[in-house]
Amino acid sequence: MRFDIEARDPNTRARAGLLHTAHGIVETPAFMPVGTAGTVKGMAQEHLEELGVNLLLANTYHLYLRPSHETIRQYGGLHHFMGWPHAILTDSGGFQIMSLKGLGQVTEDGFHFRSHLDGSSHFLSPERAVEVQLALGADIIMTLDECVGFPSSHETLRRATKLTGRWARRAKEFWLRQNGWDSGFGVRDSATSDWRDSLKTPNSRLGISDSQCGEFGIRDSGSEIILPEPRVPSPGTRQSSLPNPEPRSPTPEARTPKSELFGIVQGGTDRDLRRESAEEICDIGFEGYAVGGLSVGEPKSETYDIAGFTADLLPAGRPRYLMGVGTPADLVECVARGIDLFDCVMPTRNARNACLFTSEGKLVIKNARYARDPAPLDPVCRCRVCRRYSRGYIRHLFVAGEMLAAILATYHNLHFYLDTMRQIRQAIGAGDFERFLSKARAGASSGTPRT
Ligand SMILES: [Zn+2]
């Protein structure tokens, strides 16, 4: 997976880059809206395009249970199913299982869990998590990991971190086999050792040259992206259980998988465990690396410190994804520490709860003080909600329980997040990110709660 770092801030670890996926180029640092069940709640796909979203996250757990990955496979994958020709990242499903208190149990083999929908029993192994995500056909897929909360005992953290490492290796082996490669692990075959060794070096693993990747040919979000025709299953015909990797070359090195696999570093707030985990995950070798296990209750200063500490342990040339973080201030702080990708339910979930992000801080629109306020949600926002509607009208929609309330609030909040990322990228490109960071710290970009 080609990842070009185009600019580095001279005074922080911030970098701006281009992540080349099978469904277009993603400018980083990027924020991924969360499309839990194949939809960002309240937003039609054309709204997301209008906002400039070119990478979104979908939850494997929810899609696996409903409508099922097999159903989505019949449509040729999630892109076709949801009418989204841009990039998609799926999580492994593990975090959701562990979040459903009492419904999941972890063993060496994987997660045993019961559906929150109907109580049915299911099992998700590292291999199964990859298989389900391959059926969904996301551009970026994640290894199964065990994320534990804060605080956890050192023993619990250590056990979960080690298990995450063993699962990452199993996921990688399975992913390699599904893409037509032998796993390359634990085999001493001199005839194949060269390319197997190269598999462990992420940057050279696929042997992709610039010209090979150039066929994507998409340099900006405005370019038209044309999807191949969806595969239409004939009645009674079972689809192949896995996507066709469509190798571009007879040599294993030259194949480009449709779904690139990212590994996850765990270890909680324990630096020794973080270091061990990063070494193990990097040794296995992935196309990108995620920092998991943060924003689970630890102090904010620890979130930032561990995110930066872990990012420094990861290969400089690979994308780094901080999972489940966070507020606009978190994004700025963690970009400064070398993070490239983010996801969080906060802008969309808060919007549905009438909590708006603005340049002046959070605004709880249900407050009576806005009942006759003709001003837009955010006086400096250029989104189409702020250009057209007043605080008083949007408050009325929330009070009256109108569905348009959540739609307009979600649109504005996503615009705020995406615009923050745009400003971050521009500041990095202009060599001006440190000033942007100082301004954000002073409260200009995040602010304090406003009621
Ligand atoms: Zn707005």
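Residues numbered from 1 in each chain as written. Predicted model: local features only at pLDDT ≥ 70, side-chain atom pairs only at ≥ 80, totals over all residues. Heavy atoms only, no water.

Asks: Would you take a moment to explain the overall build of the protein for this structure?
Replies: Within the protein, the regular secondary structure consists of 18 helices and 17 strands. Contacts in the protein between residues at least 24 apart in sequence constitute 68% of all its contacts with a sequence separation of at least 6. Put simply, the protein shows about 18,800 Å² of open surface, and 49% of that area lies on carbon and sulfur atoms. (Helix = DSSP H or I, 4+ residues; strand = E, 2+ residues; numbered from the N terminus. Contact = heavy atoms within 4.5 Å. Areas by Shrake-Rupley, 256 points an atom, 1.4 Å probe, with all protein chains shown as cover.)

Asks: Explain the layout of surface pockets to me, please; I cannot follow it from the model alone.
Replies: Over the atoms a probe the size of a water molecule is rolled, and this reveals where empty space is left. Put simply, the second largest pocket is a space of about 690 Å³. Around the second largest pocket sit 36 residues that line it, and Asn59, Phe95, Gln96, Asp343 and Val345 are the ones nearest its centre. For the lining of the second largest pocket, the secondary structure elements donating two or more residues are helix 2 (60-65), helix 5 (94-99) and helix 14 (346-352). Of the residues forming the lining of the second largest pocket, the biggest block, four residues, is contributed by helix 5. Of the residues in the lining of the second largest pocket, the class split is 14 nonpolar, 16 polar and six charged. (1 Å grid on protein atoms, 1.4 Å probe; cavity = no way out; pocket = protein on both sides within 12 Å on 5 of 7 lines; lining within 4 Å. Points joined across faces, edges and corners; volume = space filled by probe spheres on them. Nonpolar A, V, L, I, M, F, W, Y, C, P; charged D, E, K, R; others polar.)

Asks: What exactly am I supposed to notice about the coordination of the zinc ion here?
Replies: Tetrahedral metal sites with four donors have an ideal angle of 109.5 degrees; octahedral sites with six donors have ideal angles of 90 or 180 degrees. Of the protein atoms, only Cys381 (SG), Cys383 (SG), Cys386 (SG) and His412 (ND1) coordinate the zinc ion, at distances of 2.1 to 2.3 Å. Note that the zinc ion binds four donor atoms; their angles at the metal cover 98 to 119°, and the shape is tetrahedral. Written as a sequence motif, the donor residues of the zinc ion are C-x1-C-x2-C-x25-H. For Cys383, a relative accessible area of 1% translates into the label buried. (Donors = N, O, S within 2.8 Å, 3.2 Å for Na, K, Ca; no water. Tetrahedral: all angles 85-135°; square planar, octahedral: opposite > 155°, others 65-115°. Buried < 20%, exposed > 50% of the residue type's maximum accessible area, 1.4 Å probe, protein only.)

Asks: Sorry, what's going on with empty space enclosed by the protein here?
Replies: Scanning the model with the defined rule gives two cavities of 30 Å³ or more in all. In this structure, the second largest cavity spans a volume of roughly 30 Å³. If you go around the second largest cavity, the residues you meet are Thr60, Tyr61, Tyr64, Ser92, Gly93, Ile97, Phe113 and Leu124. Across the lining of the second largest cavity, the residue classes tally to five nonpolar, three polar and no charged.

Asks: Even after reading the chapter, I still don't get the environment of Arg2, so can you show me in this structure?
Replies: In this fold, Arg2 is placed in the segment before strand 1 (3-8). On the accessibility criterion, Arg2 (17% relative accessible area) is buried. With 18 residues separating them in the primary sequence, Arg2 and His20 have C-alpha atoms 5.4 Å apart. At 2.9 Å, the side chain of Arg2 forms a polar contact with the side chain of Asp4. (Polar contact = N/O pair within 3.5 Å; in protein donor to acceptor, adjacent residues only side chain to side chain.)

Asks: Could you clarify how one ought to interpret the sheet that holds strand 8 (residues 104-106) in this entry?
Replies: Two strands in a sheet stick together by hydrogen bonds in their backbones, pointing the same way (parallel) or opposite ways (antiparallel). Read from one edge of the open sheet, three strands run 8-9-10, paired in antiparallel fashion. This sheet does not close on itself; its edge strands, each paired only once, are strand 8 and strand 10 (121-124). Going across the sheet, the axis of each strand differs from the next one's by a mean of 20°, ignoring polarity. Pairing of strand 9 (residues 111-114) with strand 10, which is carried by four bridges, proceeds in the antiparallel orientation. Bridge pairing in strand 10 places Phe113 opposite His122. (Pairing = 2+ DSSP bridges. Axes fitted to C-alpha atoms, helices over the stretch in contact; angles between N-to-C directions.)

Asks: Would you take a moment to explain the sheet that holds strand 1 for this structure?
Replies: Taken in spatial order, the three strands make up an open sheet running 1-2-3, and their pairing is antiparallel. Edge positions in the open sheet fall to strand 1 and strand 3 (24-28), since each of these has one partner strand only. Across the sheet, the mean angle separating the axes of adjacent strands is 15° when strand polarity is ignored. In this structure, strand 1 lies alongside strand 2 (residues 15-21), joined through five bridges in antiparallel fashion. Bridged to Phe3 within strand 2 is Leu19. The sheet contacts of helix 17 (residues 403-429) involve strand 1, strand 2 and strand 3, and relative to strand 1 the element is tilted by about 70°.

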